[in-house]
Amino acid sequence: MIIQLVLCGIWLSTSALIIDTDVHVLTMTTPSVYATRAQLLLSTWSVGVTFLLFYHSTNRKVMVGLSSAMIHRRAGSVLCTLVLVCTLEASQCSLKNKWNRFSDGNVVIAAFVPLFNCFFKKKMIDFNIKKSDTMQFKLKNYQCSLAFIFAIEEINRNPHLLPNTSLGFDLYYVNQYEWDFHREAFLWLTGMGINIPNYTCRRENKAAALLTGASQETSTHIGRLLSLYKYPQLSFGPFDTILSDRGQFSSLYQTASKDTSLSLGIVSLMLHFSWTWVGLFLMDNHKGIQILSYFMKEFQRNNICVAFVKMMSKSLIYFEHAQKETSELLLISSANVVIIYDDTEFVSGMMLYAMYFLNTWKVLVMNSQLYVGTIIEFLIYNSFHGTLFFGNRHHEISLFRKFIHTYTPSKYPEDHCLNILWNTFFNCSLSLPDCKISGHCLANASLELFPSNLWKMEMTEEAYNIYNSVYAVAHSLHEMTVKQVQIQPHRNGEWNAHPWELLPFLKQISFINSAGHHVVLDSQMKSEEKYDILNVWNFPSGLRQNMKVGTFSPKAPQSQQLLLSDHMIQWATGFTEIPRSVCSESCVPGFRKSPQEGKAACCYDCIPCPDNEISNETDVDNCVKCPDRHYANTQQNHCIKKAVTFLSYEDPLGIALSCMALGCSLLTVGVLLIFVKHHHTPIVKANNQALTYVLLISLIFSFLCPLLFFGHPNTVTCVLQQSTFAVLFTVALSTIFTKTLTVVLAFKVTVPGRMVRWLMISRAPNFIIPICTLLQLVLCGVWLSTSPPFIDSDAHSEHGYIIIVCNKGSTVAFHCVLGYLCLLALGSYTMAYLSMNLPDTFNEAKFLTFSMLMFFSVWITFLPVYHSTKRKVMVAMEIFAILASSAGLLGCIFAPKCYIILLRPDRNSLHCIKNNAHSKRRFQPIA
């Protein structure tokens with residue numbers, strides 16, 4: 001602000017602003033030109049981005065400026081893209097009647113080109129001017145008029161197309177507002193200053209067709225009127241499906257290619273860069289609604305979410321409100337990519353305002369209708385740097401550049417626009433009142449010397465379409481002329497047909513233009529064209545270059561539709577690498593997406609996969625469970641095959657248990673050898689020596705039985721594990737039961753009967769062992785025949801391993817076997833308890849009782865622990881129970897006897913036994 005005040009002070013102190021009025025021209029005399037330019041550069045803060053191209057301090061001339069975006073809303077102006085702004089008095093230069101151009105011929109083709117935006121300035125800074133209009137001159141559309149004239153001249157030089165017939169043109173430079181469309185259309189139809197429908201006061205009408213564009217609005221408003229007269233109309237603006245409605249526009253045809261694949265191309269670009277969170281700016285009209293429908297369909301199909309959708313209405317009343325909403329959306333939205341579809345240049349200017357003044361750097365993706373390349377800025381890198389936009393591919397017309405180079409006021413003096421441009425850019429003098437170049441002009445001046453940021457020598461899309469439109473009419477006229485010659489051989493070449501007779505020929509026309517492009521007008525026959533993807537590069541002094549960085553071909557295979565050179569793309573200011581535009585960061589492998597309640601599908605949280613589930617891709621919705629023989633790694637992004645494991649001899653637990661089993665078995669063998677060696681001693685002979693040997697042998701095999709549980713299980717070992725254990729323990733327990741039963745029968749029966757005496761004499765108790773063993777064998781046989789043990793694998797108990805174990809098959813049979821063993825143990829305990837106090841030398845009833853208590857303790861503890869453990873530990877628990885119960889029997893029964901045999905041999909003699917018996921009788925109390 002201080003710098004601005006200083007410049008204003010310098011300006012006012014050196015050269016005051018003078019209003020010089022003339023009956024013809026309004027001029028502003030500014031001796032200090034550089035101060036004026038500097039002030040305007042800084043004044044963009046208050047009045048938008050308006051840059052005055054040239055102020056000349058000599059001669060009276062038209063004041064010409066450049067509006068690059070918009071005048072500040074306080075100035076009450078409207079939005080525009082690249083235009084020349086001319087402020088004129090109504091009477092100056094008589095330009096109002098000189099804009100339209102006419103060239104006579106046998107047949108005339110008319111064209112309406114929206115070259116101006118004219119409006120009354122209500123609040124603009126006016127230098128004491130009571131009445132002033134502002135005229136916005138669109139250089140982009142001016143090239144359309146040049147393409148139109150070029151095509152007419154090229155056809156007239158072609159001896160093979162419309163021979164003996166000269167083409168003329170009727171060119172109207174119109175304002176883009178709706179009322180002006182209708183007024184110009186009526187004026188063209190009637191030739192009257194006062195528009196009276198169905199009456200004509202003009203010269204003989206030789207016009208065969210009317211070309212309209214470059215916006216859809218122009219063609220729509222004029223099209224409804226011309227449809228009443230069945231007047232052929234060709235639109236050179238962007239393709240619009242509503243214009244193909246024969247019910248509304250029966251005589252209107254479109255030259256442009258279909259753009260229904262544009263949404264697919266933009267979505268393909270989003271997918272290429274993984275942009276799933278985007279904003280949308282569209283015009284609030286039928287085309288915007290249609291494009292929105294296309295976008296939403298493709299977005300939904302490709303999982304792209306919309307951060308916001310802004311439909312903009314082209315209304316001056318809405319303008320200030322739209323500025324505020326646009327700025328707020330860009331500021332608060334987390335989307336770094338904004339898609340703009342605009343065929344009116346309204347949205348683009350609004351975006352320029354928002355992004356320039358708020359510095360909200362975003363990647364813009366635009367449609368081909370936006371003329372981004374000529375919006376003027378003073379910064380090398382601005383908000384539109386890095387913009388990507390799609391342009392319909394069209395081949396360059398070879399001679400068009402040469403035509404532009406030779407298009408000068410001296411050759412085309414009737415072009416008053418050209419006179420003003422020469423005056424503006426080349427300091428040429430204008431003669432009054434006709435405003436033609438009068439001299440003092442730059443030698444060899446041409447349109448090619450215009451600043452490249454203002455004028456493009458390459459043919460624009462609209463200019464290419466109007467070129468094809470002229471040729472489409474010419475070819476249709478040629479076909480109709482050939483048909484008429486066949487009917488009237490002696491016609492004089494004059495246009496003597498009604499315009500509506502051309503309509504059938506226009507519908508069927510199909511030709512190849514000079515660029516090799518196939519042109520058809522029937523919308524049903526039009527095909528989708530390729531798109532060039534262009535990237536806006538900024539250079540100093542507001543210069544820009546549109547660099548081709550890729551193509552999109554809707555007809556190609558899906559994998560080859562989008563071809564893009566990523567390394568060539570210059571991204572928007574603020575991005576040092578490929579921008580990201582996502583609502584939530586991608587979920588890496590090992591995580592899955594969890595939707596956020598009330599938000600779009602692209603907004604989610606990343607949560608780890610559950611146990612034994614993986615995700616090996618980014619952004620998965622659900623994790624995948626690993627197969628049974630696999631397990632998830634720690635990162636949960638890969639399934640690893642489980643290692644097979646079992647209770648082997650190499651395991652620490654296997655080594656410990658196998659050593660215990662072998663040690664106890666060897667110890668039992670040692671006890672057996674001791675008893676065999678001392679078989680003649682009283683302590684060995686006591687309590688049935690044979691049963692003692694049977695018990696020791698069964699305990700030896702019981703200790704060796706756990707060895708069947710080690711190693712890789714197979715069918716044989718699985719069957720032998722349980723049956724061998726059951727049979728061996730049955731033999732041991734039935735032996736103990738027989739020993740205790742024999743003692744009880746011998747001492748407890750005071751009056752032996754014949755049966756008891758027979759049992760004792762015949763040694764019948766010794767048959768208890770085979771009978772009990774047989775019963776156990778029957779149980780095992782039923783078990784093995786109905787549901788035998790089998791090899792089983794457990795892939796869930798231990799992480800990362802598949803445990804190979806023996807499944808017991810029928811759990812009922814297994815518990816029946818254990819129950820039978822408990823029943824034998826209970827019987828043995830009962831008999832041993834009854835014989836505890838019998839007066840027998842070396843009575844082992846107490847030891848048998850204690851051994852049974854220990855046996856019960858082991859197996860009662862075993863059952864709950866066994867069922868609460870997992871596979872490998874279950875096997876170890878069963879082995880430990882077998883060893884513990886067998887060791888209990890061995891220790892409790894045979895340890896005291898071995899102590900006497902080995903350490904107290906004096907107590908193991910008949911003499912000692914007699915002395916003990918005598919002592920007991922001596923001290924026995926008298927009853």
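Residues numbered from 1 in each chain as written. Predicted model: local features only at pLDDT ≥ 70, side-chain atom pairs only at ≥ 80, totals over all residues. Heavy atoms only, no water.

*Asks:* Would you explain the overall build of the protein in this entry?
*Replies:* The secondary structure content of the protein amounts to 24 helices and 33 strands. Residues counted as buried form 54% of the 927 residues belonging to the protein. Put simply, 68% of the contacts in the protein that link residues at least 6 apart link residues at least 24 apart. Summed over all atoms, the accessible surface of the protein reaches about 43000 Å², with 60% contributed by carbon and sulfur. (Helix = DSSP H or I, 4+ residues; strand = E, 2+ residues; numbered from the N terminus. Buried < 20%, exposed > 50% of the residue type's maximum accessible area, 1.4 Å probe, protein only. Contact = heavy atoms within 4.5 Å. Areas by Shrake-Rupley, 256 points an atom, 1.4 Å probe, with all protein chains shown as cover.)

*Asks:* Can you walk me through the pairing of strand β22 (residues 531-538) in this structure?
*Replies:* Successive side chains on a regular strand alternate, one facing one side of the sheet and the next facing the other. By the criterion of burial, β22 is predominantly enclosed, with eight of the eight residues buried. Burial along β22 is two-sided: Tyr-531, Ile-533, Asn-535 and Trp-537 and Asp-532, Leu-534, Val-536 and Asn-538, pointing in opposite directions, are all buried. Relative to strand β23 (residues 544-552), β22 runs antiparallel, the two being bridged by eight bridges. Within β23, the residue paired with Trp-537 across the bridge is Gln-545. (Pairing = 2+ DSSP bridges.)

*Asks:* What exactly am I supposed to notice about the state of the cysteines here?
*Replies:* Put plainly, a disulfide is one covalent bond tying together the sulfur atoms of two cysteines. Within this structure, the stated rule accounts for seven disulfides. A sulfur-sulfur distance of 2.1 Å marks the disulfide that ties Cys-305 to Cys-602. Classification of the bridge connecting Cys-305 and Cys-602 rests on its S-S torsion, roughly 85°, and on that basis the disulfide is right-handed. Separated by 297 residues along the polypeptide, Cys-305 in strand β14 (residues 305-312) and Cys-602 in the loop between β25 (591-595) and β26 (604-608) bring together distant segments of the chain. Cys-305 gets classed as buried once you look at its relative accessible area, which sits at 9%. The exposure class assigned to Cys-602 is buried, which follows from its relative accessible area of 8%. Each disulfide pairs two cysteine sulfurs, and for Cys-587 the partner residue is Cys-606, the sulfurs being separated by 2.0 Å. (Disulfide = S-S within 2.5 Å.)

*Asks:* Would you mind showing me how to read the sheet that holds β23 here?
*Replies:* Within a sheet, each strand pairs with its neighbour through backbone hydrogen bonds, oriented either parallel or antiparallel. Strand order in the open sheet formed by eight strands is β14-β13-β15-β16-β17-β22-β23-β24, with mixed pairing between adjacent strands. With partners counted over all chains shown, the strands left at the sheet margins are β14 and β24 (562-564), one partner each. Going from strand to strand, the sheet's axes swing by 25° on average, the running direction of each strand aside. Bridge count between strand β16 (residues 363-366) and strand β17 (residues 388-392): two bridges; the pairing is parallel. Residue pairing in the sheet places Met-366 in a bridge with Phe-389 of β17. (Axes fitted to C-alpha atoms, helices over the stretch in contact; angles between N-to-C directions.)

*Asks:* Explanation requested: the packing of aromatic side chains in the structure shown.
*Replies:* Summed over the entire model, instances satisfying the criterion amount to 31 aromatic pairs. Here Phe-295 and Phe-299 contribute two aromatic rings whose centre-to-centre distance is 5.6 Å and whose plane-to-plane angle is 25°, an arrangement assigned as stacked. Taken together, the positions of Phe-295 and Phe-299, both in helix α8 (residues 286-301) and four residues apart, correspond to about one turn of that helix. Taking the centre distance of 5.5 Å and the plane angle of 85° together, the rings of Phe-675 and Phe-894 count as edge-to-face. Here Phe-675 is found in helix α15 (residues 652-677), whereas its partner Phe-894 is found in helix α23 (residues 871-903), with 219 residues between them in sequence. We note that Phe-675, like Phe-894, is buried. Members of the aromatic cluster, joined through ring pairs, are Phe-150, Phe-400, Phe-403, Tyr-407, Tyr-412, Tyr-467 and Tyr-471. One cation-aromatic arrangement involves Lys-593 over Tyr-604; the distance from NZ or CZ to the ring centre is 4.9 Å. (Phe/Tyr/Trp six-rings, centres within 6.5 Å; stacked < 30°, edge-to-face > 60°. Lys NZ or Arg CZ within 6 Å of the ring centre and 35° of its normal.)

*Asks:* Can you help me understand the confidence of the model for the protein in this one?
*Replies:* Reading fine detail from the predicted coordinates is not recommended where pLDDT is low. Averaged over every residue, the pLDDT of the protein is 76; the share at 70 or more is 75%. At the low end of the mean pLDDT range in the protein sits strand β3 (residues 50-54), at 29; at the high end sits strand β11 (residues 233-235), at 94. Here residues 118-134 is a poorly scored stretch, pLDDT under 50, and it has 35 contacts once near neighbours within four places are set aside; other chains count. Per-residue pLDDT stays below 50 along residues 372-381; that stretch engages in 42 contacts with residues further than four places along the chain or on separate chains. (pLDDT = per-residue confidence, 0-100.)

*Asks:* Any chance you could explain the sheet that holds strand β31 (residues 643-645) here in plain terms?
*Replies:* The strand order β31-β33-β32 describes an open sheet built from three strands, whose pairing is mixed. Both outer strands of the open sheet, β31 and β32 (790-794), are each paired with one neighbouring strand and no more. Here the strands of the sheet are splayed against their neighbours by 30° on average, with no regard to which way each runs. Note: β32 against strand β33 (residues 801-807), five bridges, orientation antiparallel. Along β33, the bridge assignment pairs Asp-794 with Ile-803. Sheet contacts for α23: β31, β32 and β33; angle to β33, the most-contacted strand, approximately 40°.

*Asks:* When you look at a nonpolar patch on the surface in this model, what are you seeing that I'm missing?
*Replies:* Residues Leu-774, Leu-777, Val-778 and Val-782 make up a contiguous nonpolar surface patch of about 360 Å² in total accessible area. For Leu-774, the position within the fold is in helix α20 (residues 768-786). Classification of Leu-774 as exposed rests on a relative accessible area of 52%. (Patch = residues over 30% accessible without salt bridge, like charges linked within 9 Å, V, L, I, M, F, W, Y side chains within 5 Å. Salt bridge = Lys/Arg side-chain N within 4 Å of Asp/Glu carboxyl O.)

*Asks:* What am I meant to see in the side chain of Ser-476 here?
*Replies:* Mapped onto the elements of the fold, Ser-476 is located in helix α13 (residues 461-487). Those residues in contact with Ser-476, other than ones at most four positions away along the chain, are Leu-502, Phe-505, Leu-506 and Ile-509.

*Asks:* Sorry, what's going on with the pattern of salt bridges here?
*Replies:* A pair can form between side chains of opposite charge whenever their charged atoms are brought close. Going through the model one piece at a time under the given rule, you end up with 10 salt bridges. For Glu-414, the salt bridge identified is with Arg-101, shortest N-O distance 2.9 Å. With Glu-414 in the loop between α11 (400-406) and α12 (416-426) and Arg-101 in strand β6 (residues 101-103), the pair connects residues that are 313 residues apart, well separated along the chain. Across the pair Asp-415 and Arg-101 runs a salt bridge, and its minimum N-O distance is 3.2 Å. Placement of Asp-415 in the loop between α11 and α12 and of Arg-101 in strand β6 is noted, with a sequence separation of 314 residues between them. Classification of Arg-101 as buried rests on a relative accessible area of 4%. A single network of salt bridges, built from pairs that share partners, joins Arg-101, Glu-414 and Asp-415.

*Asks:* How do you make sense of the pairing of β23 when you look at a structure like this?
*Replies:* Both β23 and β24 contribute to a ladder of three bridges, which runs antiparallel. Among the inter-strand pairings, Phe-552 is bridged to a residue of β24, identified as Leu-562.

*Asks:* Where do I start with the nonpolar core in this structure?
*Replies:* Grouped burial of nonpolar side chains is what soluble globular proteins tend to show. Membership of the largest hydrophobic core comes to 74 residues, with the highest contact counts inside it found for Tyr-142, Phe-148 and Leu-211. Elements with a minimum of two residues in this core: β7 (107-120), α4 (139-156), β9 (167-175), β10 (207-212), α11, α12, α13 and α14 (503-508). Not counting the four nearest positions on each side in its chain, Tyr-142 is found in contact with Leu-115, Phe-137, Tyr-173, Tyr-407, Asp-415, Cys-417, Leu-418, Leu-421 and Trp-455. Core analysis: the second largest hydrophobic core is formed by 68 residues, Leu-728, Phe-729, Val-817 and Phe-894 among them. (Core = buried A, V, L, I, M, F, W, Y, C linked by side-chain atoms within 4.5 Å.)

*Asks:* How should I be thinking about the packing of helix α22 (residues 845-868) against α23 in this particular structure?
*Replies:* The description of two helices packed together rests on the angle between their axes and the distance between the axes. Closest axis-to-axis distance for the α22/α23 pair is 8 Å, and the angle between their directions is 170°. Here α22 is positioned roughly antiparallel relative to α23, judged by the angle of their axes. Across the interface between the two elements, Phe-847, Leu-848, Phe-850, Ser-851, Met-852, Met-854, Phe-855, Val-858, Trp-859, Phe-862, Val-865 and Tyr-866 from α22 touch Met-874, Met-877, Glu-878, Ala-881, Ile-882, Ala-884, Ser-885, Gly-888, Leu-889, Cys-892, Ile-893 and Pro-896 from α23. Counted by class, the contact of α22 with α23 contains 20 nonpolar, three polar and one charged residues. (Parallel < 35°, antiparallel > 145°, perpendicular 65-115°, else oblique. Nonpolar A, V, L, I, M, F, W, Y, C, P; charged D, E, K, R; others polar.)

*Asks:* Would you mind going over helix α6 (residues 216-229) with me for this structure?
*Replies:* Counting along an α-helix, one turn takes 3.6 residues, and residues three or four places apart therefore face a common direction. Given a rise of 1.5 Å per residue, 14 residues ought to cover 20 Å, and the 20 Å separating the end C-alpha atoms of α6 matches this to within 8%. Most pronounced at Gly-223, the bend in α6 amounts to some 35°. The element α6 is extensively covered by neighbouring structure, given that 10 of its 14 residues are classed as buried. Taken residue by residue, α6 has Gln-216, Thr-218, Ser-219, Thr-220, His-221, Ile-222, Gly-223, Leu-225, Leu-226 and Ser-227 as its buried positions. Directly beyond the C-terminal end of α6, a positive phi value near 55° is found at Lys-230. (Expected span 1.5 Å × (residues − 1). Bend = angle between axes of the 7 residues up to and from the residue.)

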